[in-house]
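The primary structure of each chain is shown beneath.
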Amino acid sequence: MGDNGLNTVLRTCGLERFIGNFPPNNLEPAIQTSQYAKFNEAIEVFYGRGGKGILRRIGKASFQYGVREQSALLGVAGVAIKLLPERQRIKFILNGMADALKKSNSEVNAWVDDSNDKLAYIESTCAICHSRHSTEPICHLYVGSITEAVLWATGREFVIIETHCMAKGDEYYRFEVGEARS
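All values reported here derive from a predicted model rather than from experimental measurement. (Residues numbered from 1 in each chain as written. Predicted model: local features only at pLDDT ≥ 70, side-chain atom pairs only at ≥ 80, totals over all residues. Heavy atoms only, no water.)

A.B. asks: Give a description of the overall build of the protein chain that names residues and reports values.
C.D. replies: Within the protein chain one finds 6 helices and 4 strands. Shown N-terminal to C-terminal, the secondary structure of the protein chain runs as helices and strands in the order α-α-α-α-α-β-β-α-β-β. Taken against the 2.2 N^0.38 rule, which gives 16 Å for 182 residues, the C-alpha radius of gyration of the protein chain at 16 Å falls within 12% of a compact globule. With the C-alpha coordinates of the protein chain rotated into their principal frame, the extents come out at 45 × 35 × 35 Å. Across the 182 residues that make up the protein chain, the buried fraction comes to 40%. Per element, the accessible surface of the protein chain, about 9900 Å² overall, is 50% carbon and sulfur. (Helix = DSSP H or I, 4+ residues; strand = E, 2+ residues; numbered from the N terminus. Rg over C-alpha atoms; globule rule 2.2 N^0.38 Å. Buried < 20%, exposed > 50% of the residue type's maximum accessible area, 1.4 Å probe, protein only. Areas by Shrake-Rupley, 256 points an atom, 1.4 Å probe, with all protein chains shown as cover.)

Below, the structure is given as structure tokens:
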């Protein structure tokens, strides 16, 4: 995105106070949920068709950052997770993500559904969809984060599909873990 692109996006969504002045590296919320949603929307608008890919890359980088900087929050078990069967590894990391979000924000309502043949990450409190409306799913950043989390847990990249989105009027967003990419 570069400094100029980031600065333009921050100005567009009313967050210019962060230009050259990023929030501290801690778990304290630095912006409101509605502002975060506007930030994501500003990236989509500024980059057009490329915005979706940029948001997915941001999501992947966010997960990597979380593992590197906040591994205790994610409950990362390192080598031990590699001993589990693949489905259990995926479930473990998705539950870790849900728990981490709940610890950092008490208003988050997230869970993992493993009641059918597909594992799914579900949340009814979405910081990307907040106050937004769309005819198609818009949580591209979360697709990136979940893709990277599952890759980290299994060593393989799986297709992540957002089947429900609050911006579309659904009561929650739902990401299903599909087939592994070859």
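A.B. asks: I'd like a rundown of the sheet that holds strand E1 (residues 110-113), residues and numbers included.
C.D. replies: Pairing between sheet strands relies on hydrogen bonds along the backbone, with the strands arranged either parallel or antiparallel. Pairing within the open sheet is antiparallel, and its 4 strands lie in the order E1-E2-E4-E3. What marks the edges here is a single partner per strand, and that holds for E1 and strand E3 (158-164). The mean angle between the axes of side-by-side strands here comes to 25°, regardless of whether they run parallel or antiparallel. Here strand E2 (residues 120-123) runs beside strand E4 (residues 173-180); their pairing, made up of 4 bridges, is antiparallel. In the sheet register, Ala 120 faces E4, and the bridge partner there is Glu 176. Packing of helix H5 (residues 86-104) onto the sheet brings it into contact with E1, E2, E3 and E4, and relative to E1 it is tilted by some 165°. Strand contacts of helix H6 (residues 140-154): E2, E3 and E4, with the helix running at about 145° to E3, the strand carrying the most contacts. (Pairing = 2+ DSSP bridges. Axes fitted to C-alpha atoms, helices over the stretch in contact; angles between N-to-C directions. Contact = heavy atoms within 4.5 Å.)

A.B. asks: Tell me about the nonpolar core, and please be specific about residues and values.
C.D. replies: Counting residues in each nonpolar core, the largest one holds 44 residues, and the members touching the most others are Leu 94, Tyr 121, Cys 139, Tyr 142 and Phe 175. Counting only elements with at least two residues in this core, the list comes to helix H1 (2-12), helix H2 (33-47), helix H3 (51-69), H5, E1, H6, E3 and E4. Sort the elements by how many residues they give to this core and H6 lands first, with 7 residues. (Core = buried A, V, L, I, M, F, W, Y, C linked by side-chain atoms within 4.5 Å.)

A.B. asks: Requested: an account of H5, with residues and values cited.
C.D. replies: For H5, built from 19 residues, the straight-helix expectation of 27 Å at 1.5 Å per residue is met to within 8% by its first-to-last C-alpha distance of 27 Å. When H5 is considered as a whole, its buried residues turn out to be Arg 89, Ile 90, Ile 93, Leu 94, Gly 96, Met 97, Ala 98 and Ala 100. (Expected span 1.5 Å × (residues − 1).)

A.B. asks: How would you explain the environment of Val 9 if you had to name every residue and give the values?
C.D. replies: You can see Val 9 is positioned in helix H1. Take Val 9: its relative accessible area is 0%, and that puts it in the buried class. A sequence separation of 137 residues divides Val 9 from Ile 146, and the C-alpha atoms of the two residues are 24 Å apart. Look past the residues within four positions of Val 9 in its chain and what remains in contact with it is Phe 39, Ala 42, Ile 43, Phe 46 and Tyr 47.

Honestly, it's all geometry; don't read function into it.
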